[in-house]
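# Remarks on the overall topology
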Amino acid sequence: MEEKEFALKDIVEMKKPHPCGVNKWRIIRLGMDIRIKCEGCGHSVMLPRREFAKKMKKVLQKHEG
């Protein structure tokens, strides 16, 4: 399996949308666990890095800075 590239403050698309209907998430914490925040309703979820990499579809927008 290829290693997916993502960084802090990137906007990513997950395989399944959030119940609020939006499928855009911002990465707000990186480490052993990754915390992502829904761009629609603001709900945040923490996932283990391996689970996040499995559930992430693609990076929609890279953070410049």
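Figured I'd write up the structure that's included with this text. Model, not experiment: these values are computed from the prediction.

### Description of the nonpolar core
Grouped together as the largest cluster of nonpolar side chains are eleven residues: Phe6, Val12, Met14, Trp25, Ile27, Ile34, Ile36, Cys38, Leu47, Phe52 and Met56. For this core, the secondary structure elements donating two or more residues are strand E1 (11-14), strand E2 (25-29) and strand E3 (33-38). Those residues in contact with Ile27, other than ones at most four positions away along the chain, are Phe6, Ala7, Leu8, Lys9, Asp10, Val12, Ile34, Arg35, Ile36 and Phe52.

### Details of the pattern of salt bridges
Two side chains with opposite charge may pair up if their charged atoms get near one another. Applying the stated rule across the entire model yields five salt bridges. For the salt bridge of Glu13 with Lys57, the shortest nitrogen-to-oxygen distance reads 3.8 Å. Of the two residues, Glu13 sits in strand E1 while Lys57 sits in strand E5 (residues 56-61), which places them 44 residues apart along the sequence. The exposure class of Glu13 is buried, given its relative accessible area of 15%. Its salt-bridge partner being Glu39, residue Arg26 comes within 3.3 Å of it at the nearest N-O pair. In this pair, Arg26 is assigned in strand E2 and Glu39 in the loop between E3 and strand E4 (44-48), connecting sequence segments 13 residues apart. On the basis of relative accessibility, which here comes to 28%, the residue Arg26 falls in the partly exposed class. Beyond isolated ion pairs, a larger network of salt bridges with shared partners links Glu13, Lys57 and Lys58.

### Quick look at the environment of Lys62
Within the secondary structure layout, Lys62 lies in the segment after E5. A residue is classified by how much of its surface remains accessible, and Lys62, at 44% relative accessible area, is partly exposed. For Lys62 and Leu8, which are 54 residues apart along the polypeptide, the C-alpha to C-alpha distance reads 9.0 Å. Those residues in contact with Lys62 that lie beyond four places of it in its chain are Glu5, Phe6 and Asp10. In terms of polar contacts, Lys62 uses its side chain to reach the side chain of Asp10, at 3.4 Å.

### Examining the side chain of Asp10
The topology assignment puts Asp10 in the segment before E1. At a separation of 2.9 Å, a polar atom in the side chain of Asp10 contacts the main-chain amide nitrogen of His63.

### Things to note about the packing of aromatic side chains
The tally for this structure, following the rule as stated, stands at one aromatic pair. Taken together, a centroid distance of 5.0 Å and an interplanar angle of 75 degrees make the contact between Phe6 and Phe52 edge-to-face. On the criterion of sequence distance, the pair formed by Phe6 in the segment before E1 and Phe52 in helix H1 (residues 49-55) is long-range, its members being 46 residues apart. In this structure, Phe6 and Phe52 share a single accessibility class: buried.

Calculation criteria
Residues numbered from 1 in each chain as written. Predicted model: local features only at pLDDT ≥ 70, side-chain atom pairs only at ≥ 80, totals over all residues. Heavy atoms only, no water. Core = buried A, V, L, I, M, F, W, Y, C linked by side-chain atoms within 4.5 Å. Buried < 20%, exposed > 50% of the residue type's maximum accessible area, 1.4 Å probe, protein only. Helix = DSSP H or I, 4+ residues; strand = E, 2+ residues; numbered from the N terminus. Contact = heavy atoms within 4.5 Å. Salt bridge = Lys/Arg side-chain N within 4 Å of Asp/Glu carboxyl O. Polar contact = N/O pair within 3.5 Å; in protein donor to acceptor, adjacent residues only side chain to side chain. Phe/Tyr/Trp six-rings, centres within 6.5 Å; stacked < 30°, edge-to-face > 60°.

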